[in-house]
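The residues making up each chain are set out below.
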Amino acid sequence: MERIATMGMRFTNGYAPAPYCCPTRRSITIGQTPAKHEYQEDREGWTEAYRQQLSIPMMLKIADPDYITAHYGKWDARYDVVTPEEMGYDVSDGPTTNGTGGGRNSEWPLAMEDPKLIFSLTDRACAFMETQVKDGHPFYLQLSHYAVHLGITYTQGSLDKYSNTPSGEKHFIPEFAAMTEDLDTGIGILLDKVKALGIHENTYIIFMSDNGGRTSQPIGGEQVVPRNYPLRDGKGSMYEGGIRVPFVVIGPGIKKNSVSHTPVSGLDILPTLADLSGFPGDLPSSLDGGSLKPIIHHNGTGIIERNRPFMVWHHAVDRKPQSAIRMGNYKLVKTWEEEKIELFDLAVDLSEAKDLSREMPQKAKDLEEKLTAFLDEVN
């Protein structure tokens, strides 16, 4: 993962579309916020509507019919079992869940030869790339690892490496470190394969997570320093700890070991790939992301053209209703049950420790009105 960070552009303001995995994965596929397709009270007809949206693999096949697309690993559509094939993928592992990767194993923590299926997923991904290169096909591969989700499994060698490592203030669980090490090894194998196939000069790689880190673990003892510090809270929360994630883009025209502070999201992946692949015509107006091409090809600076000048996060019925909106450096978080409004300036307060809503009531009102109007618009 450190190698990935030096190979391309790191985004310090990278976001998942949601603070949970399933809505983020759906959002990446179609470039639309979960407020439109997930965790809504009236689900009648929404599954069929989702199937009809333009997806990444569908879009690429319009740009070039020779594209072959694959999805390996965690799909996690839930509820309605929309499959990868229904969303346009040629090859996949099917409608997989956390349990497919060992997430429901009651025996963990546990040493295994193929923890979280890291190595078998990597082998299939490498074989897919090799086949496409041999056959002369452009390809899109999405590898969605089950690690580092619970349950915690790892190779014995990785556990041995960390068993005697001194504890850190935030991280002190050798089993979790071992699982992360094994994931890191799998990513390294994939990067090595890209280079061995001779496609490293014309392949884009995007690395990100589907939500922020957990605030606690079921093993290892009590936290003293928050696990996501200096970010506030974690998975499931609309504070930065729940939605801000690692985000790196590698590829042709991208300066190595560069940094961008422009806010970006998993929602931007579809329009970015459309821009890079030469998608003809206009993309659907329903997209909430914008192309990163003006940023990644201009040393991290530039403007991302989205349909709206702000970013929105929202979940409701199946979770504690909470929303957030970011516009510029200001971010507003609304917790609906308490009618609680909080305003933060992320430029000076990354930890969201100082609520500015009383000091800047007009700014808070403006962002709340924009948030509410957007949620009303998408029903």
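Residues numbered from 1 in each chain as written. Predicted model: local features only at pLDDT ≥ 70, side-chain atom pairs only at ≥ 80, totals over all residues. Heavy atoms only, no water.

Trainee: What is the right way to read the overall build of the protein from this model?
Mentor: Counting its regular elements, the protein contains 11 helices and 15 strands. Taken over C-alpha atoms, the radius of gyration comes to 20 Å for the protein, in line with the 21 Å a tight globule of 379 residues would show. Out of the 379 residues belonging to the protein, those deemed buried represent 53%. A separation of at least 24 residues holds for 67% of the contacts in the protein among residues at least 6 apart in sequence. As presented, the protein carries roughly 17,100 Å² of accessible surface, and 51% of it is formed by carbon and sulfur atoms. Each charge sign in the protein was given a centre, from 39 positive and 52 negative side chains, and these centres are 4 Å apart. (Helix = DSSP H or I, 4+ residues; strand = E, 2+ residues; numbered from the N terminus. Rg over C-alpha atoms; globule rule 2.2 N^0.38 Å. Buried < 20%, exposed > 50% of the residue type's maximum accessible area, 1.4 Å probe, protein only. Contact = heavy atoms within 4.5 Å. Areas by Shrake-Rupley, 256 points an atom, 1.4 Å probe, with all protein chains shown as cover. Lys, Arg positive; Asp, Glu negative; His and termini not counted. Charge placed at Lys NZ, Arg CZ, Asp CG, Glu CD.)

Trainee: Hey, could you run me through the pairing of strand E15 (residues 340–345) in this one?
Mentor: Side-chain positions along a regular strand alternate between the two faces of the sheet. Among the 6 residues that make up E15, 5 are buried, leaving the element largely enclosed by the rest of the structure. By the bridge criterion, 6 bridges tie strand E14 (residues 330–335) to E15 in an arrangement that is antiparallel. Across the sheet, the residue bridging to Leu332 is Leu343, located in E15. Two successive antiparallel strands, E14 and E15, enclose a turn made up of 4 residues, where Glu339 displays a positive phi of approximately 50 degrees. (Pairing = 2+ DSSP bridges.)

Trainee: Explanation requested: the nonpolar core in the structure shown.
Mentor: Inside soluble globular proteins, nonpolar side chains tend to come together where they are buried. Phe11, Ile56 and Met59 are the most contacted members of the largest nonpolar core, which totals 33 residues. At the level of elements, strand E1 (9–11), helix H2 (21–30), helix H4 (56–63), strand E9 (247–250), helix H9 (269–277) and helix H10 (293–296) are the ones that each hand at least two residues to this core. Sorting elements by how many residues they give to this core places H9 first, with 4 residues. Leaving out residues up to four positions away in the same chain, Ile56 has contacts with Ile28, Thr29, Tyr140, Ile269, Leu270 and Leu273. (Core = buried A, V, L, I, M, F, W, Y, C linked by side-chain atoms within 4.5 Å.)

Trainee: Got a minute to help me understand H4 in this structure?
Mentor: Every α-helical turn comprises 3.6 residues, leaving residues that sit three or four positions apart pointing alike. Listed as buried for H4 are Ile56, Pro57, Met59 and Leu60. Projected down its long axis, H4 carries its buried residues within an arc of 160 degrees, all on one side. Residues of H4 that are buried in the fold lie against H2, strand E3 (68–73), strand E6 (139–144) and H9. Sitting at the head of H4, Ser55 places a side-chain oxygen 3.2 Å from the backbone nitrogen of Met58. (Arc of directions from axis to C-beta. Polar contact = N/O pair within 3.5 Å; in protein donor to acceptor, adjacent residues only side chain to side chain.)

Trainee: Which parts of the structure should I look at to understand the pattern of salt bridges?
Mentor: Pairing is possible between side chains of opposite charge, provided their charged atoms come close. Tallied over the full model, the rule gives 24 salt bridges. For Arg78, the salt bridge goes to Asp76, with nearest N and O atoms at 2.8 Å. Given a relative accessible area of 31%, Arg78 falls into the partly exposed group. Notably, a salt bridge pairs Arg244 with Glu240, separated by 2.7 Å at the nearest N-O pair. (Salt bridge = Lys/Arg side-chain N within 4 Å of Asp/Glu carboxyl O.)

Trainee: Honestly, the packing of helix H5 (residues 118–135) against helix H7 (residues 174–196) in this entry has me stumped. Any pointers?
Mentor: Relative orientation and spacing of two packed helices are given, respectively, by the angle between their axes and the distance between those axes. Contact geometry of H5 with H7 gives a least axis separation of 10 Å together with a crossing angle of 10 degrees. One finds that H5 runs roughly parallel with respect to H7. Taking contact as the criterion, the partners of Ile118, Phe119, Thr122, Ala125, Cys126, Met129 and Glu130 in H5 are, on H7, Met179, Asp182, Leu183, Thr185, Gly186, Ile189, Leu190, Lys193 and Val194. Of the residues belonging to the contact of H5 with H7, the class tally is 10 nonpolar, 3 polar and 3 charged. (Axes fitted to C-alpha atoms, helices over the stretch in contact; angles between N-to-C directions. Parallel < 35°, antiparallel > 145°, perpendicular 65-115°, else oblique. Nonpolar A, V, L, I, M, F, W, Y, C, P; charged D, E, K, R; others polar.)

Trainee: Hey, could you run me through the pairing of strand E12 (residues 311–315) in this one?
Mentor: Where burial is concerned, most of E12 is hidden: 5 out of the 5 residues are buried. Along E12, one buried face is formed by Met311, Trp313 and His315 and the opposite face, lined by Val312 and His314, is buried too. Relative to strand E13 (residues 322–327), E12 is paired through 5 bridges, and the arrangement is antiparallel. Across the sheet, Met311 pairs through a bridge with Arg326, a residue of E13.

Trainee: Hey, could you run me through empty space enclosed by the protein in this one?
Mentor: Rolled over the atoms, a probe as big as a water molecule pinpoints where empty space is left. All told, the structure shown has 2 cavities of 30 Å³ or more when counted by the stated rule. In this model, the largest cavity occupies a volume close to 160 Å³. Along its surface, the largest cavity is lined by 16 residues, and Leu267, Asp288, Phe310, Met311 and Val312 are the ones closest to its centre. At 3 residues, the largest contribution of residues to the lining of the largest cavity is made by E12. Tallied by class, the residues present in the lining of the largest cavity amount to 8 nonpolar, 4 polar and 4 charged. (1 Å grid on protein atoms, 1.4 Å probe; cavity = no way out; pocket = protein on both sides within 12 Å on 5 of 7 lines; lining within 4 Å. Points joined across faces, edges and corners; volume = space filled by probe spheres on them.)

Trainee: Can you help me understand H9 in this one?
Mentor: Taken across its 9 residues, H9 has 7 buried, putting it largely inside the fold. Residues of H9 that are buried: Ile269, Leu270, Pro271, Thr272, Leu273, Ala274 and Ser277. Tucked inside the fold, the buried residues of H9 contact H2, H4, E6, strand E8 (205–208), strand E11 (264–265) and H10. Of the residues trailing H9, Gly278 is marked for its positive phi of about 80 degrees.

Trainee: How should unusual backbone geometry be read in this particular structure?
Mentor: A negative phi angle is the norm for most residues apart from glycine, just as the trans form is the norm for most peptide bonds. Here the residue pair Ala147 and Val148 is connected by a cis peptide bond, since its omega of 10 degrees sits within 30 degrees of zero. The omega torsion across Leu150 and Gly151 is 0 degrees, close enough to zero to call that bond cis. Locating Gly151 in the fold gives a position in the loop between E6 and strand E7 (153–154). Despite not being glycine, Lys116 shows a phi value in the positive range, around 55 degrees.

Trainee: Mind showing me how you'd approach the sheet that holds E3 here?
Mentor: In a beta sheet, neighbouring strands pair by backbone hydrogen bonds and run either parallel or antiparallel. With parallel pairing, 3 strands are arranged side by side in an open sheet as E4-E3-E6. Each of the sheet's edge strands pairs with one partner strand only, and the pair in question is strand E4 (91–92) and E6. Of the pairings in the sheet, the one linking E3 to E4 comprises 2 bridges and is parallel in character. Directly across from Ala70, in E4, lies its bridge partner Val91.

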